[in-house]
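Coordinates in review
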4 protein chains.
Amino acid sequence: MDYTRKVFYYETDQMGIVHHSNFIRWFEEARIGYLSSIGYSYNEIEQLGLISPVLSVNCEYISMVRFGDTVNVNIKLTSFKYVKFTFDYVVTDVKTKDVRAKGSTSHCFLNKQGRPANLKKDYPQIYDIMMQAASDKE
Amino acid sequence: MDYTRKVFYYETDQMGIVHHSNFIRWFEEARIGYLSSIGYSYNEIEQLGLISPVLSVNCEYISMVRFGDTVNVNIKLTSFKYVKFTFDYVVTDVKTKDVRAKGSTSHCFLNKQGRPANLKKDYPQIYDIMMQAASDKE
Amino acid sequence: MDYTRKVFYYETDQMGIVHHSNFIRWFEEARIGYLSSIGYSYNEIEQLGLISPVLSVNCEYISMVRFGDTVNVNIKLTSFKYVKFTFDYVVTDVKTKDVRAKGSTSHCFLNKQGRPANLKKDYPQIYDIMMQAASDKE
Amino acid sequence: MDYTRKVFYYETDQMGIVHHSNFIRWFEEARIGYLSSIGYSYNEIEQLGLISPVLSVNCEYISMVRFGDTVNVNIKLTSFKYVKFTFDYVVTDVKTKDVRAKGSTSHCFLNKQGRPANLKKDYPQIYDIMMQAASDKE
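If you're wondering where the values come from, they're calculated on a predicted model, not measured in any experiment. (Residues numbered from 1 in each chain as written. Chains lettered and ligands numbered in written order. Predicted model: local features only at pLDDT ≥ 70, side-chain atom pairs only at ≥ 80, totals over all residues. Heavy atoms only, no water.)

So, about unusual backbone geometry. Residue and element names in this part refer to chain A. One non-glycine residue, Tyr82, adopts positive backbone phi at about 55°. Its place among the elements puts Tyr82 in the loop between β3 (70–81) and β4 (84–93). Here Tyr82 falls in the exposed class, since its relative accessible area comes to 70%. Although it is not a glycine, Lys97 sits at a positive phi angle of roughly 70°. (Helix = DSSP H or I, 4+ residues; strand = E, 2+ residues; numbered from the N terminus. Buried < 20%, exposed > 50% of the residue type's maximum accessible area, 1.4 Å probe, protein only.)

As structure tokens, this is what we get:
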């Protein structure tokens, strides 16, 4: 899926480029849009008492993004197993199509007690949505 | 009370100065330090089911702050009445003593139901701490 | 002019609402969109050697904004005189039309030397754009 | 080297924990402190016309950090070769000593033209500082 947005002025730093930490936030924006598109509302999930913390992030910065640019974040759900799922991201410039960054994040589902949630048993609807999305990628 | 801290690189923008929104965050840092110093732990308050949202902020930017600078935020509790309280802030450069900004914020106490909390009746300990602090200012 | 956007997850805080500092950033997003719409490109201005720092901000928070909400920022250029200009902002919820916040910001134009720029003489094109926009408001 | 600091309220999100993107910013805070401690002033470097963009970041989140916590970021320069250098980070809770996160970043030096800088030839002083620091780690 593609998520497109303009760079905000406050995302730049004195190097005159977007501060690298903001890419991690763009990943989240794209991810929440993606989850919403497959029928997984982040707010509903949290209301069910589930949280899905980030287990890891990584990002390789390939070329600089500046204020005035519009970027596209292409996001793919690359795996979903039990309570863990991972995404890949490619950030490109909308105009030039140049790749700006590549990254990935991994996540899990925890219940209110902070323990890994048995999605298949306790939250079959979310399990099905995620399984479907993970198989759609191929 | 005085709260001192260095400017972080990621707080700058492409103008080469600290982005103005960060002063609002510095006010909060100073405020939480102040409240902690008078015996008011923000976490304990929230555990009691009280929240204290911000009702208003204002900030006048007098001179620019840059990466490499260390700033001092002088904070004063200027009033406390029933459920509402206000602070004044003066941001100065630690080295030059130049005033960088002046601001103020106002806040209230709400209970779990989102209604103004009767501090004097239901949270006398917090009420006493705030009354004491407000009278200390003179 | 209206600027609409979704709330980002990372804009929330542990109170479960959007952190108040982010409204100041939304004002900037709306402002840059507005300036762009009247033919004033922020990047071109900076390339001319002009900067327009923020002189003051204020914001009154009326009701809480949460993740899942979409907000509209209505922005008006309320005055433009010599080197100084001011904006008013009203943030509303797109669905309920409830007012979430009201604010204003003031700005000036400085040249490379950090001195107030004589727009009318040295940058007549920007001067005309701003004068036109300021008169359009009525 | 160790860099210690309190968690700021605005760094939390509605999950009630520090938003994961902030760890990337803490890495930068620690890194700039480290570079300063070995005699490398970030501002001076930029005034020489050198920039050192981030090439990659990664972070593994091991346990949650909450408002009220104080964290320590242990930073190590793990390599320096020609124009590229890398750091490792371990974030621990100051009180419990629990590991909160582990990460790394890589960086390079670019000159004003955006090309890799020949540090040894053109900036021998910085080259020597970095070489010394990289050898000190053993």
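More follows now that the structure is in view.
Residues and elements named next belong to chain A. Inspection of every chain in the model, using the stated rule, returns 21 salt bridges over all chains. With a shortest N-O distance of 3.9 Å, Arg100 and Asp93 are connected by a salt bridge. With relative accessibility at 5%, the residue Asp93 sits in the buried group. Here Asp98 makes a salt bridge to Arg100, at a shortest N to O gap of 4.0 Å. Overall, the relative accessible area of 38% leaves Asp98 in the partly exposed class. We classify Arg100 as buried; its relative accessible area is 10%. It is possible to trace a salt-bridge network through shared partners that takes in Arg5, Glu11 and Glu29. (Salt bridge = Lys/Arg side-chain N within 4 Å of Asp/Glu carboxyl O.)

What follows is about the state of the cysteines. For the coordinates displayed, the defined rule picks out zero disulfides over all chains. We note that A:Cys59 lacks a disulfide partner, and the nearest cysteine sulfur, in D:Cys59, lies 13 Å from it. Just so you know, C:Cys108 is unpaired, no disulfide at all, and the nearest cysteine sulfur is the one on B:Cys59, 14 Å from it. (Disulfide = S-S within 2.5 Å.)

Another aspect to go through is the packing of helix α1 (residues 21–37) of chain A against helix α1 (residues 21–37) of chain D. Interaxial distance between α1(A) and α1(D) falls to 8 Å at its minimum, and their mutual angle equals 175°. Considered as vectors, α1(A) and α1(D) are oriented roughly antiparallel to each other. Contacts from A:Ser21, A:Asn22, A:Ile24 and A:Arg25 in α1(A) reach D:Ser21, D:Asn22, D:Ile24 and D:Arg25 in α1(D). In terms of residue class, the contact of α1(A) with α1(D) is built from two nonpolar, four polar and two charged. (Axes fitted to C-alpha atoms, helices over the stretch in contact; angles between N-to-C directions. Parallel < 35°, antiparallel > 145°, perpendicular 65-115°, else oblique. Contact = heavy atoms within 4.5 Å. Nonpolar A, V, L, I, M, F, W, Y, C, P; charged D, E, K, R; others polar.)

Our focus in this paragraph is the interface of chain A and chain D. Contacts between chain A and chain D engage 26 residues on the former and 26 residues on the latter. Interface area, chain A with chain D, both sides summed: about 2,100 Å², of which 57% is carbon and sulfur. The largest contributions to the chain A side of the interface with chain D come from A:Met15, A:His20 and A:Arg25, which together make up 25% of the buried area. For the pair chain A and chain D, the interface holds zero salt bridges. On inspection of chain A and its partner chain D, the count reaches 12 residue pairs in polar contact (both at pLDDT 80 or more). (Buried area = accessible area lost by both parts, 1.4 Å probe. Polar contact = N/O pair within 3.5 Å; in protein donor to acceptor, adjacent residues only side chain to side chain.)

Before going further, it helps to examine the sheet that holds strand β4 (residues 84–93) of chain D. Reading across from one edge, β1(A)-β3(A)-β4(A)-β5(A)-β2(A)-β2(D)-β5(D)-β4(D)-β3(D)-β1(D) is the order of the 10 strands in this open sheet, with antiparallel pairing throughout. If you trace the sheet from one side to the other, it starts and ends with β1 (2–6) of chain A together with β1 (2–6) of chain D, each paired once. Strand-to-strand twist in this sheet, taken as the mean axis angle between neighbours without regard to direction, amounts to 20°. Across five bridges, strand β2 (residues 54–61) of chain A lies against strand β2 (residues 54–61) of chain D in antiparallel orientation. Residue A:Glu60 lies in a different strand from β2(D), and its bridge partner there is D:Ser56. Docked against the sheet, helix α4 (residues 124–136) of chain D engages β3 (70–81) and β4 of chain D, running at close to 110° with respect to β3(D). (Pairing = 2+ DSSP bridges.)

Bringing the packing of aromatic side chains into the picture now. Here a ring pair, both rings aromatic, is described through the centre-centre distance and the interplanar angle of the planes. Here the structure, examined in full by the defined rule, presents 56 aromatic pairs over all chains. Within the aromatic cluster, the residues linked to one another by ring pairs are A:Tyr9, A:Phe67, C:Phe27, C:Tyr34, C:Tyr40, C:Tyr42, C:Phe85, C:Phe87, C:Tyr89 and C:Phe109. (Phe/Tyr/Trp six-rings, centres within 6.5 Å; stacked < 30°, edge-to-face > 60°.)

Another point: the sheet that holds strand β1 (residues 2–6) of chain C. Taken together, the 10 strands give an open sheet; going across it, the order is β1(B)-β3(B)-β4(B)-β5(B)-β2(B)-β2(C)-β5(C)-β4(C)-β3(C)-β1(C), and neighbouring strands pair in antiparallel fashion. Single-partner strands in this sheet number two, and they are β1 (2–6) of chain B together with β1 of chain C. The average undirected angle you get between the axes of adjacent strands in this sheet is 20°. Pairing of strand β2 (residues 54–61) of chain B with strand β5 (residues 99–108) of chain B, which is carried by seven bridges, proceeds in the antiparallel orientation. In the strand pairing of β5(B), B:Val57 is matched with B:Thr105.

Moving on: the relation of the copies chain B and chain A. Structural alignment of chain B on chain A gives an RMSD of 0.0 Å, achieved by rotating through 180° and translating 0.0 Å along the axis. Considering both components of the superposition, the chain copies are consistent with a two-fold axis. An overlap of 100% is found between the interface residues of chain B and their copies at the interface of chain A, pointing to a shared contact surface. (Least-squares fit on C-alpha atoms with pLDDT ≥ 70 in both.)

We now examine the interface of chain B and chain A. Counting residues at the interface gives nine residues for chain B, matched by nine residues for chain A. Counting the surface lost from both chain B and chain A, the interface buries some 890 Å², and carbon and sulfur atoms represent 55% of this. Taken together, chain B and chain A are joined by zero salt bridges. Taken together, the links from chain B to chain A amount to six residue pairs in polar contact (both at pLDDT 80 or more). Considered class by class, the residues forming the side of chain B that touches chain A number four nonpolar, four polar and one charged.

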